[in-house]
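Breakdown of the fold
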Amino acid sequence: MSFPGNVQALRDLSLRVARGSALALLGESGAGKSTAVAAIAGLLPRGATARGQVLLAGEDLGRLDPGQWRGRRVATLFQDTGDALDPTMTVGAQIAEVCRLRLGLGRAEARGRALHALRRVGLTDVGRIASAFAHQLSGGQRRRALLAVALAAEPELLLADEPTAGLDGTSAAQVAEQLGALTGHGMGLLLVTHELGLVARLARQALVLYGGTVLEEGAAPELLLRPRHPYTQALLRAVPPGPGRATEPPRPLPGRGPGPSEPGCPFAARCPEVLPVCRHQRPPAFATPDAPTHLVHCWQRETPGAPVGQGAP
Ligand SMILES: Nc1ncnc2c1ncn2[C@@H]1O[C@H](COP(=O)(O)OP(=O)(O)O)[C@@H](O)[C@H]1O
Ligand SMILES: [Mg+2]
């Protein structure tokens, strides 16, 4: 995926979100997570080019009219959505409009559905919030109202970029509970987050991005407990301890992120275990001997005789 001026923001990314499950996308700022979300939603910035395919239940979205699926079968909660609500309409009217357009509901039914959607994301006093305009809400309320808009159409797939960012603990827990309930009802979720607690709670699979490439992927519990890539290990150490996490203090990663198109492993310049080969040859996916769907792109983890993985598990 390239931007004007030829930044290659992503390379060879292949994701699979199973129905009724969540895939977590991990990685520090600049890794390419939001770009991946925008590419899947077909909403890359002007001038950006992407090659690839997005299949929803086997259907190639590139061949469909976006009006048929965007905001309907596939909903997106973007990362920076301070101004994504329409300032000229009340929050309730916006959700009701989604329900009318996408679900074909009548006016009264749509209004009822809007209140329900606001309640589902953990908002209280939903009557007041429904009749408020965006500028009358707090940041956390706006974030949850946007999630309510995204969920109102009952999407098959939700792309959620940092859905709990900026929320207080209680609100974040309510949003997490709601996302868990929806995946329980069959929705697929692509979850971009820095909150490892959220990953542990919601995600079945996890994938670690760095410099626009995949470094590690596998079942989320396995990856969180036994990270194998030196970058993932550092990333998990850099996150403050939470419930169920070791009590070691967080250790920030030294150094800066990768340049756009280095030839070898994008983490080589910062890697504590770097080998000469890492600087000029990109590592393929090596399977973990006792966990064959746990793949790691790292020359240090090359296990003689172990099969080379074929991409997303
Ligand atoms: N509109 C854009 N124009 C140029 N470069 C961009 C644009 N959007 C993102 N990038 C670059 O793409 C890379 C990935 O960015 P992003 O997807 O936002 O990362 P993340 O969400 O993981 O923090 C970064 O190097 C960023 O600078
Ligand atoms: Mg981002």
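Check the entry above for the structure.
Read on for an overview of the structure. (Residues numbered from 1 in each chain as written. Chains lettered and ligands numbered in written order. Predicted model: local features only at pLDDT ≥ 70, side-chain atom pairs only at ≥ 80, totals over all residues. Heavy atoms only, no water.)

1. Structural notes on the overall build of the protein chain
Keep this limit in mind: Here a helix means four or more residues in a row that DSSP labels H or I, a strand means two or more in a row labelled E, and each is numbered from the N terminus. Only protein chains enter the area calculation, which uses a 1.4 Å probe; residues under 20% of their type maximum are buried, those over 50% are exposed, and those in between are partly exposed. Contact between two residues is taken to exist if any of their heavy atoms lie within 4.5 Å; hydrogens are not considered. Each accessible area is a Shrake-Rupley result for a 1.4 Å probe, and residues are judged covered by the shown protein chains and nothing else.
Secondary structure assignment for the protein chain yields ten helices and twelve strands. Burial analysis of the protein chain (313 residues in total) assigns 48% to the buried set. Across the protein chain, every contact between residues at least 6 apart in sequence was considered, and the portion connecting residues at least 24 apart equals 60%. Carbon and sulfur atoms make up 52% of the accessible area of the protein chain, which totals about 15,300 Å².

2. Notes on the coordination of the magnesium ion (ligand 2)
Note the following rule: Metal sites are built from N, O and S donor atoms within 2.8 Å, or 3.2 Å for Na, K and Ca, and they leave out water, so they may look incomplete.
Listed as protein donors to the magnesium ion (ligand 2) are Ser34 (OG) and Gln79 (OE1); their distances from the metal cover 2.0 to 2.2 Å. Linking Ser34 in helix α1 (residues 33-40) with Gln79 in the loop between β6 (74-77) and α3 (91-103), this pair joins segments that are 45 residues apart in sequence. With relative accessibility at 28%, the residue Ser34 sits in the partly exposed group.

3. Side note on the environment of Ala268
Structurally, Ala268 is set in the loop between α10 (230-238) and β11 (286-288). Distance from Ala268 to Cys298, taken between C-alpha atoms, is 9.8 Å for residues 30 residues apart in sequence. In this structure, Ala268 is in contact with Val274, Cys278 and Arg279, ignoring residues within four places of it in sequence.

4. A closer look at the site of ligand 1
Let me state the cut-off plainly: Near, as used in this document, describes a residue that has one of its heavy atoms within 4 Å of the molecule or strand being considered. Side-chain atoms alone can form a polar contact between residues adjacent in sequence; in general such a contact is a pair of N or O atoms within 3.5 Å, and within protein one must be able to donate a hydrogen while the other accepts it. Under the scheme applied, nonpolar residues are Ala, Val, Leu, Ile, Met, Phe, Trp, Tyr, Cys and Pro; charged residues are Asp, Glu, Lys and Arg; polar residues are all the others, including Gly.
In the vicinity of ligand 1, the residues found are Phe3, Ala9, Glu28, Ser29, Gly30, Ala31, Gly32, Lys33, Ser34, Thr35 and Pro45. At 2.8 Å, a side-chain N or O of Lys33 approaches an oxygen atom of ligand 1. The contact in question runs from an oxygen atom of ligand 1 to an N or O atom on the side chain of Thr35, over 2.5 Å. Considered on its own, ligand 1 offers 560 Å² of accessible surface; in the complex 62% of this is hidden by protein. Per-element accounting of the shell around ligand 1 gives the leading share, three residues, to α1. Taken together, the residues of the shell around ligand 1 sort by class into four nonpolar, five polar and two charged.

5. Regarding the packing of α3 against helix α6 (residues 139-152)
In helix packing, the relevant descriptors are the interaxial angle and the interaxial distance, both defined with respect to the helix axes. So the rule is basically this: Axis definition: a line fitted to C-alpha atoms, over the contacting stretch in the case of helices. Angles run 0 to 180 degrees between N-to-C directions. In what follows, roughly perpendicular refers to angles from 65 to 115 degrees, roughly parallel to angles under 35, roughly antiparallel to angles over 145, and oblique to any angle outside these ranges. For any pair of crossing helices, the crossing counts as left-handed if the nearer helix is rotated counterclockwise from the farther one by less than a right angle, and right-handed if it is rotated clockwise.
Running from N to C, α3 and α6 point in directions that differ by 15°, and their axes come no closer than 9 Å. Considering the angle they form, α3 stands roughly parallel to α6. Considering only the axes of α3 and α6, their crossing is right-handed. Within the contact between the two elements, α3 uses Val91, Ile95, Val98, Cys99 and Leu103 and α6 uses Ala145, Ala148, Val149 and Ala152. Residues belonging to the contact of α3 with α6 are distributed by class as follows: nine nonpolar, no polar and no charged.

6. Some points on the nonpolar core
As a reminder of what qualifies: We define the nonpolar core as a collection of buried residues of types Ala, Val, Leu, Ile, Met, Phe, Trp, Tyr and Cys that are connected through side-chain atoms lying within 4.5 Å of one another.
By size, the foremost hydrophobic cluster in this structure holds 70 residues, and its most contacted members are Leu26, Val91, Ile95, Leu118, Leu147, Leu158 and Leu189. The biggest single contributor to this core is α6, with eight residues. Dropping the residues within four chain positions of it, Leu189 is found in contact with Val17, Ser21, Ala22, Leu23, Leu157, Leu158, Ala160, Leu179, Thr183 and Leu202. By size, the runner-up hydrophobic cluster in this structure holds 20 residues, among which are Leu25, Ala36, Ala41 and Leu207.

7. Observations concerning the pairing of strand β9 (residues 205-210)
In the case of a regular strand, side chains alternate between the two sheet surfaces. Applicable threshold: By the convention used here, strands pair only if DSSP detects at least 2 bridges between them.
The buried fraction of β9 amounts to five of the six residues, a majority that puts the element mostly inside the structure. In terms of strand pairing, β9 meets strand β10 (residues 213-219) through six bridges, oriented antiparallel. Within β10, the residue paired with Gln205 across the bridge is Ala219.

8. Focus: the side chain of His294
Positionally, His294 belongs in strand β12 (residues 291-296). The class of His294 is buried, set by a relative accessible area of 1%. A polar side-chain atom of His294 sits 2.5 Å from a polar atom in the side chain of Glu216. When near neighbours in sequence (up to four residues on either side) are disregarded, His294 contacts Glu216, Glu217, Gly218, Glu222, Leu223, Arg226, Arg228, Phe286, Ala287 and Thr288.

9. Quick look at the packing of α6 against helix α7 (residues 169-184)
Viewed as axis vectors pointing N to C, α6 and α7 meet at an angle of 10°, and their least axial separation amounts to 12 Å. In terms of axis orientation, α6 runs roughly parallel to α7. Contacts between α6 and α7 involve Arg144, Leu147 and Leu151 on the former and, on the latter, Ser171, Gln174, Val175, Gln178, Leu179 and Leu182. Along the lines of polarity and charge, the residues of the contact of α6 with α7 split into five nonpolar, three polar and one charged.

10. Side note on the environment of Ala285
With respect to the helices and strands, the residue Ala285 is situated in the loop between α10 and β11. Sequence-wise, Ala285 and Arg301 are 16 residues apart; in three dimensions their C-alpha atoms are separated by 9.5 Å.

11. With respect to empty space enclosed by the protein
Over the atoms rolls a probe the size of a water molecule, and in doing so it shows where empty space is left. Basically, it comes down to this: Note on definitions: the grid is 1 Å and covers protein atoms alone; a cavity is a set of points where a 1.4 Å probe fits but cannot get out; a pocket is an open set with protein on both sides within 12 Å along at least five of seven lines; lining residues have an atom within 4 Å of a point. Grid points are joined across faces, edges and corners, and a volume is the space filled by probe spheres set on the points.
Here the structure, examined in full by the defined rule, presents two cavities of 30 Å³ or more. Empty space within the largest cavity amounts to approximately 80 Å³. What lines the largest cavity is a set of 14 residues, and nearest its centre among them are His229, Cys265, Cys271, Cys278 and Cys298. Looking at side-chain class alone, the lining of the largest cavity contains ten nonpolar, three polar and one charged residues.

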